[in-house]
Amino acid sequence: MLTTRFVTGAPNWVDLGTSDIDGATSFYNGLFGWDFRSAGPEAGGYGFFQLAGKTAAGGMQTSPEQGPPSWNVFFQTPDADATAKAVEQTGGRVLMAPDDVMEEGRLAVFSDKAGVSFGVWQPGQLRGIDVAGDPGSLCWVELYTPDIAAAAAFYNSVLGLETSAVPFPGGTYTCVNPAEGGEDSMFGGVVPLADDPIERETGAYWLPYFEVTDADALVAKAEELGGTVRMPATSVEGVGRIAKLADPYGARFAVIKSEPQS
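Residues numbered from 1 in each chain as written. Predicted model: local features only at pLDDT ≥ 70, side-chain atom pairs only at ≥ 80, totals over all residues. Heavy atoms only, no water.

Named according to an unreviewed UniProt entry, the protein is Enzyme related to lactoylglutathione lyase originating from Streptomyces umbrinus.

1. Details of the UniProt feature "domain: VOC" (unreviewed entry) in the protein
Inclusion rule: UniProt positions are given in the numbering used here, feature names are shortened, and annotations may be inferred rather than shown by experiment. In this description a helix means any DSSP run of H or I spanning at least four residues, a strand means any run of E spanning at least two, and both kinds are numbered starting from the N terminus.
In the numbering used here, UniProt assigns the "domain: VOC" (unreviewed entry) feature to residues 10-123 and 137-258. Helix makes up 19% of residues 10-123 and strand 48%. Its end C-alpha atoms lie 12 Å apart.

2. Some points on the sheet that holds strand β14 (residues 228-236)
Put simply, the rule reads: When DSSP finds at least two bridges between two strands, those strands are taken to pair. Lines are fitted to the C-alpha atoms to define the axes, a helix being fitted only along its stretch in contact, and any angle between axes, read from their N-to-C directions, falls within 0 to 180 degrees. Whether two residues are in contact is decided by their heavy atoms, any of which lying within 4.5 Å being enough.
Overall, mixed pairing links the eight strands, which are arranged β10-β11-β12-β9-β13-β16-β15-β14 in an open sheet. Each having just a single partner strand, β10 (161-168) and β14 make up the two edges of the open sheet. Along the sheet, successive strands turn relative to each other by an average axial angle of 25°, direction set aside. Bridge count between strand β9 (residues 138-145) and strand β12 (residues 188-192): five bridges; the pairing is parallel. Bridged to Y144 within β12 is V191. Taken strand by strand, helix α5 (residues 215-224) contacts β14, β15 (240-246) and β16 (252-258), and its axis lies near 10° from that of β15.

3. Some points on the packing of helix α1 (residues 21-32) against α5
Spelled out, the test is: Angle categories are assigned with fixed cut-offs, so that under 35 degrees is roughly parallel, over 145 is roughly antiparallel, 65 to 115 is roughly perpendicular, and the rest are oblique. Note on convention: near helix rotated counterclockwise from far helix by under a right angle means a left-handed crossing. Clockwise means right-handed. Each residue gets one label: Ala, Val, Leu, Ile, Met, Phe, Trp, Tyr, Cys and Pro are nonpolar, Asp, Glu, Lys and Arg are charged, and the others, such as Gly, are polar.
As a packed pair, α1 and α5 sit with axes 9 Å apart at the nearest point and diverge in direction by 155°. Here α1 lies roughly antiparallel to α5, going by the angle between them. Once α1 is placed against α5, the crossing between them reads as right-handed. Contact residues: α1 offers F27, G30, L31 and F32, while α5 offers L218, K221 and A222. Residues of the contact of α1 with α5, tallied by class, amount to five nonpolar, one polar and one charged.

4. Let's talk about helix α2 (residues 80-89)
The cut-off we apply is this: Categorising residues by exposure relies on relative accessible area from a 1.4 Å probe, with only protein chains included: less than 20% of the type maximum marks a residue as buried, more than 50% marks it as exposed, and the intermediate range marks it as partly exposed. It is the directions from the helix axis to the C-beta atoms whose arc is reported. Any pair of nitrogen or oxygen atoms within 3.5 Å is treated as a polar contact; in protein, a donor-acceptor pairing is required on top of that, and neighbouring residues in sequence qualify only through side-chain atoms on both sides.
Along α2, the residues that are buried comprise A80, T83, A84, A86 and V87. The buried residues of α2 occupy one face: seen down the axis, they fall within an arc of 165°. When the buried face of α2 is taken as reference, the exposed residues oriented beyond 90 degrees from it are K85, E88 and Q89. Residues of α2 that are buried sit in contact with β6 (93-101), β7 (105-111), β8 (117-123) and α3 (148-159). The opening residue of α2 is D79, an N-cap whose side-chain oxygen sits 3.1 Å from the backbone nitrogen of D81. Downstream of α2 by a residue or two, G91 has a phi angle that is positive, lying close to 100°.

5. Some points on the nonpolar core
One broad trend across soluble globular proteins is that nonpolar side chains are buried collectively. Definition in use: Here the nonpolar core consists of buried residues drawn from Ala, Val, Leu, Ile, Met, Phe, Trp, Tyr and Cys, with membership extended through side-chain atoms lying within 4.5 Å.
By size, the foremost hydrophobic cluster in this structure holds 64 residues, and its most contacted members are Y28, F32, W34, W71, F118 and F253. Sequence-distant contacts of F253, defined by excluding residues within four places in its chain, comprise F27, Y28, L31, F32, W71, L207, P208, F210, K244, L245, A246 and D247. Counting residues in hydrophobic clusters, the runner-up holds 16 residues, among them Y144, Y209, V236 and A254.

6. Let's talk about the packing of α2 against α3
At a minimum axis separation of 8 Å, α2 and α3 run at an interaxial angle of 150°. The angle between α2 and α3 places the two elements in the roughly antiparallel class. Along this stretch, α2 crosses α3, giving a crossing that reads as right-handed. For the pair α2 and α3, the contacting residues are T83, A86 and V87 in the first and F154, S157, V158 and L159 in the second.

7. Describing the layout of surface pockets
Condition: Only protein atoms enter the 1 Å grid, on which a cavity is a set of points fitting a 1.4 Å probe that cannot get out and a pocket is an open set with protein on both sides within 12 Å along at least 5 of 7 lines, lining residues being those with an atom within 4 Å of a point. Grid points are joined across faces, edges and corners, and a volume is the space filled by probe spheres set on the points.
The computed volume of the largest pocket comes to approximately 1,300 Å³. Counting residues per element, the ones that place at least two in the lining of the largest pocket are β1 (11-18), β4 (54-61), β5 (70-76), β6, β7, β8 and β13 (205-211). When the residues that make up the lining of the largest pocket are grouped by side-chain class, the tally is 25 nonpolar, 14 polar and eight charged. Contributing elements (two or more residues each) for the lining of the second largest pocket: β9, β10, β11 (171-178), β12, β14 and β15. Top contributing element to the lining of the second largest pocket by residue count: β11, with five residues. Of the residues belonging to the lining of the second largest pocket, the class tally is 20 nonpolar, eight polar and five charged.

Structure below.
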């Protein structure tokens, strides 16, 4: 699972673009106990979702021209400009060129060969999220894509990510880890769209998972707060109990009550 021992290629930031930041703050406060703190007037409305004083995610209000509400995953890079060149050379697109965010770090947003958007964060004063793997925080990310082999090759070239097949009920699951950390630092998976009827209808994208203490109770709470259940809480042997949700504004995410790892 994901930790805050960030290495090159691992997710080090996640943020929400939403049509209603006040409404989203209310929803995620009720769901995860997050509070929203503004990054200041110079940040253009951007702020931090905090869990017991630790930053669990970022967020801001976005316009329809910026796309529908969504969660966005960022990966650590030591050089955002070099990563941008690698993206272009590997058949992806630069959606937002590398740019400094004050003294905090350097940010860029890309899309892969299948059109999936993702970002990179080159740490400056801000290394990344403060908490990961604990209840109410990011613990896993999953890429839904039409072509696993093509996606694996792209992210290997761009971020140095490695993939491995692990046994899974009914077949195998493609796990992802940064080259620097090896398989012990797995932080996500790659799933073929053709194998998932829920995601097949919505298209390729990165899906963040947040750890919870009780997936069933969390699903009920999400519905009570106006969210949508895309997949009810389901037990996966050796993994945990997972559910896929959307907040009241349509941003998709998943939750998991992980099984203890031996």
